[in-house]
Amino acid sequence: MEEFYESILPLTNNLYRYAYRLARNERDAEDLVQDTLLRAYTKFDQYQSGTSPLAWLLVIQRSIFINKYRKKKREGHSVSLDDAASGVDRIMPTDHRDLPAQPDDFLFREVIDAELKEALEKLPKHYLEVILLVDMEEMSYRDTADVLNIPTGTVMSRLHRARKILQGQLQDLARKKGIVKSKVRPLYPAEEGPMKGGTQYGT
Amino acid sequence: MEHNYWEERIQGYMDNELPPADHTAVKNHIEGCSACTAQLEYFRCLKKRLRLHRDTVAIPQCVEQRIIENVKKKSRRRFVWKPAYSLAMAAVAVLAIALPLQLRELPYCFVNCDIKGRITCTDCEIATKAGMQAGDFCSRGHNPGLIDEDGRIYRIALDKEERWENFMKREGYYGKLVEIQGDILHQENLVRVDRVRELVVETASL
């Protein structure tokens, strides 16, 4: 099992990052990572050498997370892992004139980490996950598709919507700060109500 | 509609995930479309910003140590299933089924058999196993028996008492390692003695 200790344990930080973004608290994240590593240990003979160990671990972690989520939901607990999407008015810009003239200036100087964190937390989970995997963990579409158990095409379309929603939220922030003055169109008409995300965990 | 079509592909282009033909098509489109160029630039910056933001969440060192220690500790205790164990389990299952069947199929009679073990008193053995004192059950005298290497206790049938009596007369037979040639009723752990041979435990001498 030396191979396990050498190839898997160094990924603990990656697992924790993903777990924390999903669970949104340190305690659940720690439990999730520990459960993931223990299960990975018992199933290590199923790991195919040469494939991405992170993708393999995240499949396990996601499975544990979903099962815990469902269990807590069945037991009627208020779930800290719940999606924060409901009630959030998401916006998706379609007009490129809304874009800041200097996006790097805007994103790196005007948007602070706390604001970006808040914007990410408002994303429905299935959109957040593609951002976490592709943009943050720099995984390929194929590995992301394997982790999420969806087709590669769906990864691409979810990623598009996720980035656009994020862009919309940041544009909204820019507007509030007076950096961008034009209005952006709501993602969905008002009568449809806010988009609810992450329902795949409960079904 | 057309803009959305290109916009989705712009991301695949940026992430280097498009097939070569699509990659070239998107590249050609971007060169002639200021909106897509601006959008691509925005997405690139957003991706970099998100990558930078990634590290705002990091596992505290003490938590990482705690997790790794727990995993190492629990994984040592945890039974890891390996394919070889399946074979072992299958063998055990076959034996578990076959042995009782074999015993059930044995005729209820004595069969000729040799058995090795230590001469003992069956009642004393049972008393000791039950956490009581040897002699608690056999105050009127020991009941001769034999305990084999696997800890099974056999009673000695007294129908061939004469031969047994001869053996009994020898001093200090209790605790002796012997080989009994005779017959066994397996279902009842009962041994009829024909001949008893004391086994000498060989010890190395200097």
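Calculation criteria
Residues numbered from 1 in each chain as written. Chains lettered and ligands numbered in written order. Predicted model: local features only at pLDDT ≥ 70, side-chain atom pairs only at ≥ 80, totals over all residues. Heavy atoms only, no water. Helix = DSSP H or I, 4+ residues; strand = E, 2+ residues; numbered from the N terminus. Buried < 20%, exposed > 50% of the residue type's maximum accessible area, 1.4 Å probe, protein only. Contact = heavy atoms within 4.5 Å. Axes fitted to C-alpha atoms, helices over the stretch in contact; angles between N-to-C directions. Parallel < 35°, antiparallel > 145°, perpendicular 65-115°, else oblique. Left-handed = near helix turned anticlockwise from the far one by under 90°. Nonpolar A, V, L, I, M, F, W, Y, C, P; charged D, E, K, R; others polar. Buried area = accessible area lost by both parts, 1.4 Å probe. Salt bridge = Lys/Arg side-chain N within 4 Å of Asp/Glu carboxyl O. Polar contact = N/O pair within 3.5 Å; in protein donor to acceptor, adjacent residues only side chain to side chain.

**Thoughts on the overall build of chain B**
Okay, so step 1: Within chain B, the regular secondary structure consists of 7 helices and 5 strands.
Okay, so step 2: Secondary structure elements of chain B, listed N to C terminal, follow the sequence α-α-α-α-α-β-α-β-β-α-β-β.
Okay, so step 3: For chain B, with 206 residues in total, the buried portion stands at 34%.
Okay, so step 4: Expressed as a percentage of contacts within chain B between residues at least 6 apart in sequence, the contacts between residues at least 24 apart total 59%.

**As for the packing of helix H2 (residues 12-23) of chain A against helix H7 (residues 125-136) of chain A**
Residues and elements named next belong to chain A.
Okay, so step 1: Contact geometry for H2 and H7: axes closest at 11 Å, N-to-C directions at 160°. Judged by the angle between their axes, H2 and H7 are roughly antiparallel. Here H2 runs over H7; the crossing is right-handed. Residue-level contacts link Tyr18, Arg21 and Leu22 of H2 to Lys125, Leu128, Glu129, Leu132, Leu133 and Met136 of H7.
Okay, so step 2: Broken down by class, the residue content of the contact of H2 with H7 amounts to 6 nonpolar, no polar and 3 charged.

**Side note on the environment of B:Glu188**
Residues and elements named next belong to chain B.
Okay, so step 1: Looking at the secondary structure, you find Glu188 in the loop between strand E4 (177-185) and strand E5 (190-198).
Okay, so step 2: It is 8.5 Å that separates the C-alpha atoms of Glu188 and Arg155, two residues lying 33 residues apart in sequence.
Okay, so step 3: Each residue touching Glu188, except ones within four places of it in the same chain, is listed here: Tyr108 and Arg155.

**As for the interface of chain B and chain A**
Okay, so step 1: Chain B puts 46 residues into the contact, and the matching count from chain A is 52 residues.
Okay, so step 2: Each partner contributes to the roughly 4,500 Å² buried at the junction of chain B and chain A, and carbon and sulfur atoms together form 64% of this total.
Okay, so step 3: For the pair chain B and chain A, the interface holds 8 salt bridges.
Okay, so step 4: With a closest N to O distance of 3.2 Å, B:Arg49 and A:Asp113 form a salt bridge.
Okay, so step 5: Linking chain B to chain A there are 19 residue pairs in polar contact (both at pLDDT 80 or more).
Okay, so step 6: For the side of chain B that touches chain A, the element with the highest residue contribution is helix H3 (residues 34-54) of chain B, accounting for 16 residues.

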